[in-house]
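Results of the structural survey
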Amino acid sequence: MTQKQVIDAYKALNKLSTQPMPIKTAYALHKLRRTLKPAWEFQCEQENILLDKLKPELLSDEQVRFNSPEDLQEWNETMSQVSKIESDIEILPVTVVMDESMRITLDDMDVLEGIVIFEEG
């Protein structure tokens, strides 16, 4: 898996973590998310290093304005390189028995494919 695939899965697991589910399933997903957390921390570290270097204007918690088109290009190129790094994290898939009360987007299901096995209950 690439760094981007791991980060996308981590984000989807964070969303899925808000859904009520049986305790065994929740615990298995908790362990899976904990397995992916070092990749998330690496991603944050790389972003913070670049943000410290480029010093963009902070517009909100998730939005910045770069000082020049060159800074934006450097951000995009560096983050693209980071996203392509092959991860050495070993993932054991978790089975989740779906329940009508659970909610997840199709995009999140796509990024969790192979990591979470969804079964009909």
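Now for a description of the structure that goes with this document. (Residues numbered from 1 in each chain as written. Predicted model: local features only at pLDDT ≥ 70, side-chain atom pairs only at ≥ 80, totals over all residues. Heavy atoms only, no water.)

**A look at unusual backbone geometry**
Stated precisely, the cut-off is as follows: By the criteria applied, helices consist of DSSP H or I runs no shorter than four residues and strands consist of E runs no shorter than two, each listed in order from the N terminus.
With a phi angle near 50 degrees, lysine 55 is a residue other than glycine that sits in the positive phi range. Locating lysine 55 in the fold gives a position in the loop between α2 (23–54) and β1 (57–58).

**Some remarks on helix α3 (residues 69–83)**
For clarity, the threshold we go by: Here a helix's expected span is defined as the number of its residues, less one, multiplied by 1.5 Å. For every residue, the accessible area obtained with a 1.4 Å probe (protein chains only) is divided by the maximum for its type, and the residue is called buried under 20%, exposed over 50%, and partly exposed between those limits. The directions considered for the arc are those from the helix axis to the C-beta atoms. Whether two residues are in contact is decided by their heavy atoms: any pair within 4.5 Å suffices.
An ideal rise of 1.5 Å per residue puts 21 Å on 15 residues; α3 measures up with 21 Å between its terminal C-alpha atoms. Of the positions making up α3, those classed as buried are Asp71, Trp75, Met79, Val82 and Ser83. Along the long axis of α3, the arc covered by the buried residues comes to 100 degrees, so they all point the same way. For α3, the exposed residues set more than 90 degrees away from the buried face come down to Pro69, Glu70 and Gln81. Turning to α3, the residues buried within the fold contact α1 (3–16) and α2.

**Concerning the packing of α2 against α3**
Put simply, the test is: Between N-to-C directions, angles cover 0 to 180 degrees, with each direction set by a line fitted to C-alpha atoms, over the stretch in contact for helices. Oblique is the label for any angle not covered by the other classes, which are roughly parallel (under 35 degrees), roughly antiparallel (over 145) and roughly perpendicular (65 to 115). Throughout, a crossing is termed right-handed when the near helix is turned clockwise from the far one, and left-handed when it is turned anticlockwise from it by less than a right angle. Put simply, Ala, Val, Leu, Ile, Met, Phe, Trp, Tyr, Cys and Pro go in the nonpolar bin, Asp, Glu, Lys and Arg in the charged bin, and everything else, Gly too, in the polar bin.
The N-to-C vectors of α2 and α3 enclose an angle of 160 degrees; their axes lie 11 Å apart at closest approach. Between α2 and α3, the angle falls in the class roughly antiparallel. Note that α2 runs across α3; the crossing there is right-handed. Here Phe42, Gln43, Gln46, Glu47, Leu50, Leu51, Lys53 and Leu54 of α2 come into contact with α3, specifically with Asp71, Glu74, Trp75, Thr78, Met79 and Val82. When the residues that make up the contact of α2 with α3 are grouped by side-chain class, the tally is seven nonpolar, three polar and four charged.

Distances and angles like these do not, on their own, reveal function.
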